[in-house]
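So you can see what is in the structure, the chains are spelled out below.
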Amino acid sequence: MPGEYTVNMRKYDADDSSSSLKSASQCHCSVAVGFLLILVAILVAVGVGLIVHFAGNNKDIVCNCNISGLSAGISGCVTLAKENDPDICGACPAGQMTTLTHGGNTTTVPATTVTPIKKYPLRLPGTVTPMLYSISIKPDFYSGNETEFMFYGQMSVLVHCNENTDEIFMHVTDLHIAENSIHVTAEGGSGNLFQSLELVPSQQMIKISLLSPLMAGNNYTVEIKDFYAPIRDDLTGIYKGSFRRNGEIVYYVTSQLEVVEARKAFPCFDEPNLKARFDITIVRKPNWVALSNMPRSRTDTDSDGWEHDVFERTPIMPTYLLAFIVSDFTYRESNTANGVPLRIWARKAAENQTEFGMASALSSMNYLESYLDIPYNMPKQDMIAIKDFVWPAMENWGLIVFREDLLLYEPGVSSQANKYPTFRYIAHELAHNWFGNLVSPNWWNDLWIKEGVATFFEYRVMDVLNPDWRVSESFADDLTEEGFALDGLQSSHPLFLKGLDDPLDILRHYDSVSYKKGAAVTFMLEFMVGRDTFQRGFTSYLKQFLFGNAGHTDFFLAMQTQAQVENKTLADDIVDIMGTWVYQMGYPTVHVEHTGQGKMRLTQSRYLQDPQAKEKGVFQSEFGYTWDIPFTFTSNTEKDFAKIDDDIVLLRRDEGSVSILSDVIPGPVGDNWVIGNTEFHGYYRVNYDERNWRSLINQLINDHTLIDPLNRIQIISDAFSFVRSGEIDLNIALKILEYLRKERSYAPLNKLMREVQFMDKMLKNQPVYGKFRKFMRDSLKQLVTEYGFIDDGSNYIASHMRGIALKWACYYGVEECTEQAQQLMSQWMANQSVKPPGINPEVSETVYCTAVKYGDETVWDFVMQRLKVENVETESHKFLKALTCTSHKWLRIKMIRSILITDIIPNPLVYRATMNAGHAFPELTWDFFRNNYDELLERLGTTWFGRLLMQVVDEFNTELRLEELVRLGESKADEKNAEHDIAVEHVKNNIKWMHNVDKIEQWLNGLGY
Ligand SMILES: [Zn+2]
C-alpha cells in the first residue's frame, strides 16, 4: 500500500467511560436483531446458547443469553443499547445475566462458565500452521437499507500441527460465531475434537479448546460453518461503498484486509508469515459481478437463486492480500507482453477514464517482469477504481484496488500533474506483486522491506518509462519534504522496529519514514553496489525466497553476496553498513571543512530539527547516532556530478573524521566551492562553512544551471533545514530566494516554493508580511508573462511549471494572474457550455481558487454546483479545494460545516483537503476541530485524524496555541495518538523559528522593500 490510510482502531483502545453507544448505525443492534430472530428456531432446536455481539463506539459489548430467554433478552439489549444504557447486558433473563467488564478491553464472561481473563501473547503460538483455507462469503446489501447490510460466512482451514497442543488460537474481530458450527477433525478422521470456545478480544483472537490434543506432524481441519457480521462502514474488513448514478445511490461491497483486518472478514491465522492457499467462493445475486484474487472457475446457482462464484485456488499467500468485490462495474481489457489478461474496472459512467491507467499498467508490468527476470505469477491482473477507499491503493494479489482519482484519468479534464500520482501508484502496486506478495515480510516490524522497496520501484519504473518527467528530481523533492522532515524529529522511528507486536503500533508506521526513507535507503544501496549488480542482487534475492518470507537481513545479504561475486569495492561491508541505516532513526549531517587547496575534512553528527530536544528514549540507538556514510563530492573546478560507486569515500561510524586529498578540491578562497552528496545519492545532509555556502549560493544566482538540479534541491533543503536547527544563519538561506526568479526546472522551483510556503505561514500574522508578499510578487511576475494560462498538454515539464508558476503568482496577488483568472471564470459562468481554453487542466485549480477568493457567493455557489455534478474525481478535488479559498468568513464556516455531511464529502482525503487547503481562517478550523474532536476521530480513524491534526496546527507559532494544543492532548489522553506528540514538537519548532522574523525584515529592507 502507499502510505496514506485510515483505520479506525478505537475498538482496541483502552476503555473510555466518556464514550457510549451512540446510535444504531454504530452498534448495529437492529441489524443483528433482524438476523438473530431468524436464527432462533434453528438454535432452539439444537439447544445452545447464543452470543449477541454489539460492536460499540470504542468497545465491544457481548451479551451472552441462554436460549430460554432469547427473545426478551435480545430486544431488551437492543433497546438499552440504543438508549446508551451501560447495563445493556442486564437485559438478559435473571440468573443467566452476563457481565460487562470495564477497564482495558472488554469481553463478556458468561455467568454459567466464569473464566478469569488471561493475558495471552499478541502473536499466535505457532503450534499449528495453516495450509489451505476454504472460504465462502455472502454479502447481502441489496435491500438499499444500510442498517440491514450483513455478510454471512463459512470457512474451513487445513492446518499442520507443529507441536502437541489441546488448544487452537485464531484471529477474529467483530465476527459473530455460532459455537455449534465449529468442528475440529483429524485429517481422514470424523470425530469432532471441539470442546469449547473462548473469546480473547484483547488479542483479537478466539481460543478453541479441544477434547484431545492435536499431535505434532499430523494435519487437522478446523471448520466454522456459521459466522456473520454487519457489513462495515469504516473502510476496513468487509465494508460497503457507494456512489450516485442519476441521483440514485448505488452500493458495492469490498474488502480491505491489510494490515490486520482479515480477522474482521473470517476467522484466520492473520500473520504475514502464516501463508497458505485459499479457495474462495463469493455468493451474490444475479447480474452482479464478483471479483477475487483468482479467475472464476465456475458459478453455481442455489435453490434461492443466489449465484456462487467459485474462484481458482490461490498460490501460497498471506491473509492480508486476499480480496473480493461485488459490484456492477464494467472494465477495459488488454494483455501484458507475457499474455496475462489485465483489466481495469470502474463504475459505468467512468469507463472511458481507464485508458491512461491501462497504458501505464501494461508498460510498468512489462518493465518489472523484464527487470526482475521473474514473470508475474498470477493468471490475471484486475485493477479496480472505487470511491470509498482508505489508502491510495492496495496491492491485493491479482485484484489491486485504487482510490478512483489515482487510477482513472480523463484527458482534457485531468492535468499533466495528475499523471504523476496515477503512474506512481500503479507502478508501486504492481511492484508489490514481487515485493510483498511473492516474497512477504517475516513480520510487520520489517514493513519497510515491502513498502520502501515498492516506493523505490514506483520512482524507478516511472523514471525509465517517462524519461522526460525527470522523476529523480521529483523523488528528491518528495524525499526532503516528507522523509527528511519526519525523520529529523525526535518522534521519528527506525526502519526496523525490534520487538514490535501490537497491531496499533504497526499501523502507526505506515508513514513517510517506512516509505520515503525506505526508498531512499534502497536507492543509496543501489548506488553503493552499482546499478547492474543491484539488479542482479534483487533477482537472486527474490528467487531465493519465492513464495516465502524474508527480512531486511536476507535482502542485504543477497546484495552483499552479489557484490562479492562481482568484486565490488564495498562488497564485504554491505550488511554492516546498512545496519546503521535500518536500526536507528534519523539521519546524519556530514560537515565539510574545506581546509586548503586539494584538502578537506569530513565529520558527522545527527541532524535534528531541534538539537536541544531531549531524547525520548522510545528507540535507543546502538550506534550512538553515527552512520556509515557513502560520501561523494565535486567542485566548481570539476563540476562532475555523475559519480559512481568507485568514487565513494566511506565515512565510517566509528571514525571521528576523514581527510580527503584530491586535485579537484580548489583552494578555500573567493567563490570556489565544493559540494557533497552529488546527485543526492545518499540519505544525509551536508553542511559547510559560511564562505562555501555563500559561494554555492552565488553560483545559483549567477548561473544555477552549472549545479545539477538534484543538488539544487539539496542545497535549498539543507540550507533552510540548518536554519531551523540553528546551524546556519538565516541570511545565508534567504539569499537563495534571490535566484528564485531564474529557476525554470520544476522540481527545484517546487522545492523552493515549499520553503517559501513555510516562511509564508510563519510570517502571515507579522507586520513584515506585506513586504514579503511584494517580494514574492516581483519574483513570480515574469513567470506569468512567460507561461500564461494556455496549455496544450504536449510538454509535461512545461505544464508542471505553468501550474506551479500561476498557482503562486495568483496566491501572492500578481495582478496579471488574478485578473485573468477572474475573467476566465466570469466567461465560463456566463456561458457554461463552453469552458474557455484558459481554464485547462494544468491551471484550472488556480482559476477556481482565485475566482472564489476574490469573488462573492455567486462564484462559490457555482463551484459547489459543479462539484455536485462532476464525474471525474480529480476535478472534484479541485472544486473542493477551491471552495476553501473563499475570503468570506461565513462561506468558510459553511464549508467547514459541510464536512460532516458525507453526501458531499465522500472520503478521508477530501476531508483533509477541505479542512485546510488555502489555510484561510485557521482559527475557524482549529475551533471546529476541537469542538468536533470525537466525531472527527470517529469518522476519520486514528491515522487520518492524526494527519488532520498536523494540518490544522501546521502554522501555529505562538505559546498560546501551543498551550491549547497541549491542553487538548491532556483532555483526550485516552485517545491521543502518536501524531499529537509530533504536532507538539512541530509547534515548538515553529515558535523557535520566529526569532528569524527581524532578520527577514532587514533582508527585505536591504533589497529595497
Ligand atoms: Zn505499498
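Let me sum up the structure you'll find in this document. Quick caveat: nothing in here was measured; it's all calculated off a predicted structure.

Some words on the side chain of Asn687
Thinking step 1. Looking at the secondary structure, you find Asn687 in strand S34 (residues 685-687).
Thinking step 2. A relative accessible area of 7% means that Asn687 is categorised as buried.
Thinking step 3. For Asn687, the residues in contact, after removing those within four places along its chain, are Thr589, Val590, His591, Val592, Trp693, Phe722, Glu727 and Ile728.

Description of the sheet that holds strand S28 (residues 599-606)
Thinking step 1. Ordered in space as S32-S28-S27-S34, the 4 strands form an open sheet in which the pairing is mixed. At either margin of the open sheet sits one strand with a lone partner, and together these are strand S32 (658-661) and S34. For this sheet the average axis-to-axis angle between neighbouring strands, irrespective of direction, equals 30°.
Thinking step 2. Helix-sheet contacts for helix H15 (residues 709-724) involve strand S27 (588-596) and S34, and the interaxial angle to S34 is about 70°.

As for the packing of helix H20 (residues 815-830) against helix H22 (residues 857-869)
Thinking step 1. Contact geometry of H20 with H22 gives a least axis separation of 12 Å together with a crossing angle of 65°. At the point where H20 passes H22, the crossing takes the left-handed sense. Of H22, the residues touching H20 (which contributes Met825, Trp828 and Met829) are Thr858, Val859, Phe862, Val863 and Arg866.

Quick word on helix H24 (residues 889-898)
Thinking step 1. Within the sequence span of H24, burial applies to Leu891, Arg892, Met895, Ile896 and Ser898. What you see down the axis of H24 is that its buried residues fit within an arc of 160°, all on one side.

Considerations on the sheet that holds strand S16 (residues 289-292)
Thinking step 1. An order of S13-S14-S19-S16 is seen for the 4 strands of this open sheet, with the pairing classed as antiparallel. Each of the sheet's edge strands pairs with one partner strand only, and the pair in question is strand S13 (237-245) and S16. Between one strand and the next, the sheet's axes are offset by a mean angle of 15°, whatever the strand orientation.
Thinking step 2. Taken together, the 9 bridges between S13 and strand S14 (residues 248-256) define a ladder with antiparallel strand orientation. Considered in S14, the bridge of Phe243 is made with Val250.

Section: the packing of helix H6 (residues 447-465) against helix H7 (residues 471-481)
Thinking step 1. With their axes 9 Å apart at the nearest point, H6 and H7 run at an angle of 150° to one another. Classified by the interaxial angle, the pair formed by H6 and H7 is roughly antiparallel. Between H6 and H7, the contacting residues are Tyr459, Met462 and Asp463 on the first element and Val471, Ser472, Phe475 and Asp478 on the second.
Thinking step 2. A class-by-class count of the residues in the contact of H6 with H7 yields 4 nonpolar, 1 polar and 2 charged.

Side note on the state of the cysteines
Thinking step 1. Under the definition given, this model contains 2 disulfides.
Thinking step 2. Note that Cys810 is cross-linked by a disulfide to Cys817, the S-S spacing being 2.1 Å. Taking the sign of the S-S torsion, -100° for the link of Cys810 and Cys817, the bridge is left-handed. As far as burial versus exposure is concerned, Cys810 and Cys817 are alike and both buried.
Thinking step 3. Here Cys849 connects covalently by a disulfide to Cys885, the sulfurs 2.1 Å from one another. Between Cys849 and Cys885, the disulfide has an S-S torsion of -105° and is therefore left-handed. One end of the pair, Cys849, is in helix H21 (residues 844-854); the other, Cys885, is in the loop between helix H23 (873-883) and H24, with 36 residues separating them in the sequence.
Thinking step 4. Its relative accessible area of 22% is what places Cys849 among the partly exposed residues.

Examining the packing of aromatic side chains
Thinking step 1. A complete count under the given rule lists 67 aromatic pairs for this structure.
Thinking step 2. With a centroid separation of 6.4 Å and an interplanar angle of 45°, the aromatic rings of Trp397 and Phe547 are classed as tilted. Of this pair, Trp397 sits in the loop between strand S23 (393-394) and strand S24 (399-403) while Phe547 sits in the loop between helix H11 (531-544) and strand S26 (549-550), placing them 150 residues apart in sequence.
Thinking step 3. Between Phe456 and Phe457, the aromatic rings sit 5.1 Å apart at their centres with planes inclined by 90°, giving edge-to-face as the arrangement.
Thinking step 4. A relative accessible area of 0% means that Phe456 is categorised as buried.

Considerations on the nonpolar core
Thinking step 1. Ranked by size, the top nonpolar core spans 289 residues in total, and within it Ile208, Phe266, Phe457, Phe538, Tyr541 and Phe631 carry the most contacts.
Thinking step 2. Looking at this core, the element that brings in the most residues is helix H10 (residues 512-529), giving 11 residues.
Thinking step 3. With residues near it in sequence (within four places) discarded, Phe266 still touches Tyr133, Ile135, His171, Leu175, Phe227, Leu257, Phe278 and Leu322.

Basis of the calculations
Residues numbered from 1 in each chain as written. Predicted model: local features only at pLDDT ≥ 70, side-chain atom pairs only at ≥ 80, totals over all residues. Heavy atoms only, no water. Helix = DSSP H or I, 4+ residues; strand = E, 2+ residues; numbered from the N terminus. Buried < 20%, exposed > 50% of the residue type's maximum accessible area, 1.4 Å probe, protein only. Contact = heavy atoms within 4.5 Å. Pairing = 2+ DSSP bridges. Axes fitted to C-alpha atoms, helices over the stretch in contact; angles between N-to-C directions. Left-handed = near helix turned anticlockwise from the far one by under 90°. Arc of directions from axis to C-beta. Parallel < 35°, antiparallel > 145°, perpendicular 65-115°, else oblique. Nonpolar A, V, L, I, M, F, W, Y, C, P; charged D, E, K, R; others polar. Disulfide = S-S within 2.5 Å. Phe/Tyr/Trp six-rings, centres within 6.5 Å; stacked < 30°, edge-to-face > 60°. Core = buried A, V, L, I, M, F, W, Y, C linked by side-chain atoms within 4.5 Å.

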